Every structure is written in structure tokens, then in C-alpha cells.
Amino acid sequence: MTAVARPLIDIRDVRKQFRSRSGTFLEALSDTSLAVQAKQFLCIVGPSGCGKSTLLRMIAGLETVSGGTIEIDGVPILGPRRDIGLVFQSPVLLPWRTVLKNVLVPAEVLKLNSTSSQKRAHDLLKLVGLDGFADRYPDELSGGMKQRAAIARALMHDPDILLMDEPFGALDALTREAMNLELLRIWQASTKTVVLVTHSIEEALLLSDRVAVFAPRPGFVRELIDVPIARPRSAATRSDPVFIRLAEKLRSYFEADKDAGK
């Protein structure tokens, strides 16, 4: 019998409660379990308010769990970790720093070697398609270019895990589609473990190896769906019969939720 590899990210029976201003408790997540293997691309989809972003923040060590455990490579998460990179919906670039100096922020915080960090930053800008923009400032970039810079910054300290919270949600449809394909290229080149939160069914299926479908609040993983579509993927992947079938399956969950809420 073949042994099952220990997941890189192991989430077991995690709960999260928040105290409201009135003093009552709001349950955001209920008994959530999820395992992510090394180098896997996992997308989390679900309705607004189901705890997707909260779970991502707990994996990052920015929020504590109310119950259950989250481990990375067998070690419980007790706070922010050096082996995690974060990309949010807003790029949060420092407007007074050039693109290169924004990408170098993690290296400065972690006090990494300056010479090697400069080289890595330039290599990352080339990787994300910003070669030649190192000396530009954020207000000189388009929305998609800003997110490319944010991805480069998140990869600067060479983390094993990349957590992405609706990274393309604020972009127009055409730019978002282009960034999906760019992220696929970057992921294949960097071989990171990625967990990405999205509201887009098509985005989840195009990018991921597996999709975790969350139930409405209090959120939990109602189903894990494998995406057996060959890589490399492209814009044409959206017309693949398997892609279309899985998209219909995912939509059925959210249409059922809407009907239940009427």
C-alpha cells in the first residue's frame, strides 16, 4: 500500500468566532477541515461572508483559531511565518517607492543580503512581466501591473506557500483573464503551493488542481472537487467539456443556496 504524503497545510476541525459590539458571538467558520499538498494549487470558492478570507488569514498567522488546529509541515501556526507570501485584492504598494523598492520590502524587513536580493528582485520583475519597469512608481502602473508587482513582492523572500485573497477582484474582466493566465505561468515557473480565494467559478477551475467549495456562514468545506484538466492550460481550457461540466456543478451549489434563502 502506498503511503499518503503528509499535507503541507493541514487544517483540522477549525472554528472561528468573532465578538460583536453588542457582546454576542458571530460564528464565521464551523468545523472546517482541509489538506493542501506541497506544490498544489487550491482555490476556495463560496458566497460572501462564508469565512474564506478569514481562513486564509488564519493560515497566514494573522488571526487565531477559536477551535481546531492549523499546521504547516507538521508545525502548529502560532503567528506570521517567513515561509508564507501574501497577495491581497489591493496591491498595497508604497507610493513613494519605485516598483523595484516595493518588491524589495520583504528583503529589507528580513534583513536579507542586499546584493543577492537586488538580483532576485530583478529576476522576479522579469518573471512577472515587469522587466523595464523597475524605476517606475505605482501611480505610473495599470491595475494589472500593480498586482504583478505585488506578486513579485510576495515571492521576494522565496516562501514555500503563496496565499492570495481575491487578487484580481478589482480588475476589469479582460485584465483579470490576462492575469489568470499570467498567474498560471508564474506558478508553473516558481512551483509554489498556492491557496487562492475567489468568487469566480471560471477562475477557480482554470487555475486550480482542487476547488474547496464553502457553504454559507458559518462556513465549512461542503465539497472538495478535483480538476482533472491537463496542464499547461490556456484561454481555450474554458471550452473543455470537463471545464464546462465542473462549472455547471459548482454553479448548482450557489443556485441552491439562493433558492434556500428565498
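It should be emphasised that the depicted structure is a prediction, and the values quoted were computed from it without experimental measurement. (Residues numbered from 1 in each chain as written. Predicted model: local features only at pLDDT ≥ 70, side-chain atom pairs only at ≥ 80, totals over all residues. Heavy atoms only, no water.)

This next bit is on the pattern of salt bridges. Enumeration according to the criterion identifies 17 salt bridges in this entry. One salt bridge connects Glu63 with Arg57, and the closest N-O pair in it is separated by 3.5 Å. On the basis of relative accessible area, Glu63 is assigned to the partly exposed category, the value being 24%. In this structure, a network of salt bridges that share partners links the residues Lys16, Arg57 and Glu63. (Salt bridge = Lys/Arg side-chain N within 4 Å of Asp/Glu carboxyl O. Buried < 20%, exposed > 50% of the residue type's maximum accessible area, 1.4 Å probe, protein only.)

Turning our eyes to something else, we now look at the packing of aromatic side chains. One pass over the full model with this rule turns up one aromatic pair. Residues Phe41 and Trp187 carry aromatic rings whose centres are separated by 5.4 Å and whose planes lie at 80° to one another, so their mutual orientation is edge-to-face. With Phe41 in strand β3 (residues 41-45) and Trp187 in helix α6 (residues 173-190), the pair connects residues that are 146 residues apart, well separated along the chain. In terms of burial, Phe41 and Trp187 fall into one category: buried. Seen from the ring of Phe18, Lys16 lies directly overhead, with NZ or CZ sitting 5.1 Å from the centre. (Phe/Tyr/Trp six-rings, centres within 6.5 Å; stacked < 30°, edge-to-face > 60°. Helix = DSSP H or I, 4+ residues; strand = E, 2+ residues; numbered from the N terminus. Lys NZ or Arg CZ within 6 Å of the ring centre and 35° of its normal.)

It is worth spelling out the sheet that holds strand β5 (residues 75-76) at this point. If you trace the four strands from one edge of the open sheet to the other, you get β2-β1-β4-β5, paired in antiparallel fashion. If you trace the sheet from one side to the other, it starts and ends with β2 (25-36) and β5, each paired once. Pairing between strand β1 (residues 9-19) and β2: eight bridges, direction antiparallel. Within β2, the position partnered with Val14 by the bridge is Thr32. With respect to the sheet, helix α1 (residues 52-59) is in contact with β1, β2 and β4 (67-72), its orientation differing from that of β1 by roughly 115°. (Pairing = 2+ DSSP bridges. Contact = heavy atoms within 4.5 Å. Axes fitted to C-alpha atoms, helices over the stretch in contact; angles between N-to-C directions.)

All right, on to the nonpolar core then. Ranked by internal contacts, the top residues of the largest apolar core, which has 53 residues, are Ile151 and Leu205. The greatest single-element share of this core, amounting to seven residues, is contributed by helix α5 (residues 143-155). For Ile151, the contacting residues outside a window of four places in its chain are Val87, Val128, Met164, Phe168, Met179 and Ile186. (Core = buried A, V, L, I, M, F, W, Y, C linked by side-chain atoms within 4.5 Å.)

Turning next to the pairing of β3. Counted residue by residue, β3 has five buried out of five residues, so it is predominantly covered. Where burial is concerned, the two faces of β3 agree: the one with Phe41, Cys43 and Val45 and the one with Leu42 and Ile44 are both buried. Note: β3 against strand β8 (residues 193-197), four bridges, orientation parallel. Its bridge partner lying in β8, Cys43 is registered against Leu196. Sheet topology note: the β3/strand β9 (residues 210-214) ladder contains four bridges and is parallel.

Here we take up helix α4 (residues 114-127). Spanning 14 residues, α4 covers 20 Å between terminal C-alpha atoms, matching the ideal 20 Å at 1.5 Å per step. If you follow the buried residues of α4, they end up packed against α2 (99-103), α3 (105-109), α5 and α6. Regarding α4, its N-cap is Asn113, as a side-chain oxygen of that residue lies 3.1 Å from the backbone nitrogen of Thr115 further along. Backbone geometry just after α4 places Gly129 at a positive phi near 85°. (Expected span 1.5 Å × (residues − 1). Polar contact = N/O pair within 3.5 Å; in protein donor to acceptor, adjacent residues only side chain to side chain.)

So, about a nonpolar patch on the surface. Where nonpolar side chains cluster on the molecular surface, the patch consists of Leu62, Phe88 and Val92 and spans about 240 Å² of accessible area. With respect to the helices and strands, the residue Leu62 is situated in the loop between α1 and β4. (Patch = residues over 30% accessible without salt bridge, like charges linked within 9 Å, V, L, I, M, F, W, Y side chains within 5 Å. Areas by Shrake-Rupley, 256 points an atom, 1.4 Å probe, with all protein chains shown as cover.)

Another aspect to go through is the sheet that holds strand β6 (residues 84-87). Strands sit in the order β6-β7-β8-β3-β9-β10 across an open sheet of six strands; the sheet is mixed. The sheet terminates laterally at β6 and β10 (221-226), the two strands that pair on one side only. Put simply, the sheet's adjacent strands are angled 15° from each other on average, direction ignored. Set on the sheet, α1 makes contact with β3, β6, β7 (161-165), β8 and β9; between it and β7 the angle comes to about 150°.

On average, residues of the protein chain score 91 in pLDDT, and 96% of them are at 70 or above. Looking at the elements of the protein chain, mean pLDDT is at its lowest for helix α8 (residues 241-261), recorded as 83, and at its highest for α2, recorded as 97. (pLDDT = per-residue confidence, 0-100.)

With that settled, consider unusual backbone geometry. If a residue is not glycine, its phi is most likely negative; likewise, a peptide bond is most likely trans. The peptide bond linking Arg217 to Pro218 adopts the cis configuration, its omega dihedral lying at -5°. Summarising the element assignment, Pro218 is placed in the loop between β9 and β10.

Let us look at the pairing of β1. Adjacent in sequence and paired antiparallel, β1 and β2 are bridged by five residues, among which Gly23 carries a positive phi angle near 100°. In terms of strand pairing, β1 meets β4 through five bridges, oriented antiparallel. Bridge pairing links Ile9 to Ile72 in β4.

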